[in-house]
Amino acid sequence: MLLGIPYDGSSSFRPGARLAPPRIREMAASLNACTEAGQDLAAIPAVDDGDLPLPTDREQAFAQIEAAVERIVAEEAVPILLGGDHAVTVPAVRAALRHYPDLSLLYLDAHPDLYPHFAGDRFSHACVVRRILELPGMGGQRITQVGVRALTPPQRRAAEEAAIRIVPAWELAAFRYAETGPVYLSLDIDVLDPAYAPGCGNPVPGGPSTRQLLTLLQGLRCRVVALDVVEVNPLLDPAGVTALTAARLVTEILGTLVSPLGPWPGEAPDSSGGPSI
Ligand SMILES: [Mn+2]
């Protein structure tokens, strides 16, 4: 179930992500409903539920996001959320965690988002993982943060204390992710190098290319039960390339939902039948 979340009231810098859902849809229309390798995504009974109408009050907006995600997961459907700034992930994970108590979080982002508060705001998009850590039933051992390259010493300590797995941008080439339980995948477009995704509020140089990230996503060995792509800012994306890239990344994640799980890319098939999940 595709759902736009036009919210950017938690952006700390250069807001505009509230405008992303229609822009991502517009650019997605130029892509075939197939993955790069030709998997037919029409095999997924997908529904686009439009954009969630949201009030300006943040507490009410978060409550509505949580309720919307709860409705989708209750039907065992996969919410595909188009943000919005990254703060929308907090109510979405809360709802998913209620339905999947053993939920893991795979968080792709240049930033660790582990500030206890940012400029006095506990629900800034810079505090998302910190708030998720506080959710009942969620522990740091179930959180993997990938592509990080903006880790301050206090955030590093917070990650270590919570036993979060941090995979910095410079270790991405060797990264493999396999998880047997349900996974919430949160993709901040700023995980990409700004050369590939310039249209975001808080870019950080030194990230992976679109090619490297696509390969990483295609290599996931897990069951994604909910996903979001956040922080695309159409005000900073005049050519639409960031929105288009977001759409492309989503199609490859959807490919992991329809394909039988095979060997890691570049590795020989496992005679035991591959990873058991
Ligand atoms: Mn970020």
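Conventions we followed
Residues numbered from 1 in each chain as written. Predicted model: local features only at pLDDT ≥ 70, side-chain atom pairs only at ≥ 80, totals over all residues. Heavy atoms only, no water. Helix = DSSP H or I, 4+ residues; strand = E, 2+ residues; numbered from the N terminus. Rg over C-alpha atoms; globule rule 2.2 N^0.38 Å. Buried < 20%, exposed > 50% of the residue type's maximum accessible area, 1.4 Å probe, protein only. Contact = heavy atoms within 4.5 Å. Areas by Shrake-Rupley, 256 points an atom, 1.4 Å probe, with all protein chains shown as cover. Phe/Tyr/Trp six-rings, centres within 6.5 Å; stacked < 30°, edge-to-face > 60°. Donors = N, O, S within 2.8 Å, 3.2 Å for Na, K, Ca; no water. pLDDT = per-residue confidence, 0-100. Salt bridge = Lys/Arg side-chain N within 4 Å of Asp/Glu carboxyl O.

A. Region of the structure containing the overall build of the protein chain. Tallying secondary structure elements over the protein chain gives seven helices and eight strands in all. The C-alpha atoms of the protein chain give 17 Å as radius of gyration, which agrees with the globular expectation for 277 residues (19 Å, within 12%). Along the longest, intermediate and shortest principal axes, the C-alpha atoms of the protein chain span 55 × 40 × 40 Å. Evaluated residue by residue, the protein chain yields a buried proportion of 54% over its 277 residues. Across the protein chain, the fraction of contacts at a sequence separation of at least 24, relative to all contacts at a separation of at least 6, is 74%. Accessible surface computed for the protein chain: about 11600 Å², of which carbon and sulfur atoms make up 56%.

B. Quick peek at the packing of aromatic side chains. Following the criterion strictly, the structure yields four aromatic pairs and no others. Relative to Phe 123, the ring of Phe 62 has its centre 5.9 Å away and its plane inclined at 75°; by these criteria the two rings are edge-to-face. Here the residue Phe 62 occupies a position in helix 2 (residues 58-74), and Phe 123 occupies one in the loop between strand 4 (104-108) and helix 4 (128-133), the gap between them amounting to 61 residues. Arranged with centres 6.3 Å apart and planes meeting at 35°, the rings of Phe 175 and Tyr 177 form a pair that is tilted. By the burial criterion, Phe 175 is buried, and Tyr 177 matches it.

C. View of the coordination of the manganese ion. Around the manganese ion, the protein contributes the donor atoms Asp 109 (OD), His 111 (ND1), Asp 188 (OD), Asp 190 (OD) and Asp 190 (OD), at 2.2 to 2.7 Å from the metal centre. Among the residues examined, Asp 109 registers a relative accessible area of 0% and is labelled buried.

D. View of helix 3 (residues 89-99). When you tally the buried positions in helix 3, you get eight out of eleven residues, the bulk of the element. For helix 3, the full list of buried residues reads Thr 89, Val 90, Pro 91, Ala 92, Val 93, Ala 95, Ala 96 and Leu 97. For helix 3, the secondary structure elements touched by its buried residues are helix 2, strand 3 (80-83), strand 4, helix 4, strand 7 (178-188) and strand 8 (221-230).

E. A look at the confidence of the model for the protein chain. Chain-level statistics for the protein chain give a pLDDT mean of 93 and a share of 93% at 70 or above. pLDDT under 50 marks residues 270-277. Its contacts with residues more than four places away, or in other chains, come to nine contacts.

F. Just the pattern of salt bridges, in detail. Using the criterion set out here, one finds twelve salt bridges in the structure. Put simply, Asp 48 and Arg 25 hold a salt bridge, and the shortest N to O gap is 2.7 Å. One end of the pair, Asp 48, is in strand 2 (residues 48-51); the other, Arg 25, is in helix 1 (residues 20-28), with 23 residues separating them in the sequence. Between Arg 211 and Glu 36 there is a salt bridge, with its nearest N and O atoms 2.8 Å apart. Of this pair, Arg 211 sits in helix 6 (residues 210-218) while Glu 36 sits in the loop between helix 1 and strand 2; the two residues are 175 residues apart in sequence, bridging distant segments of the chain. When salt bridges with common partners are traced through the structure, they connect Glu 66, Glu 70, Arg 94 and Arg 98 into a single cluster.

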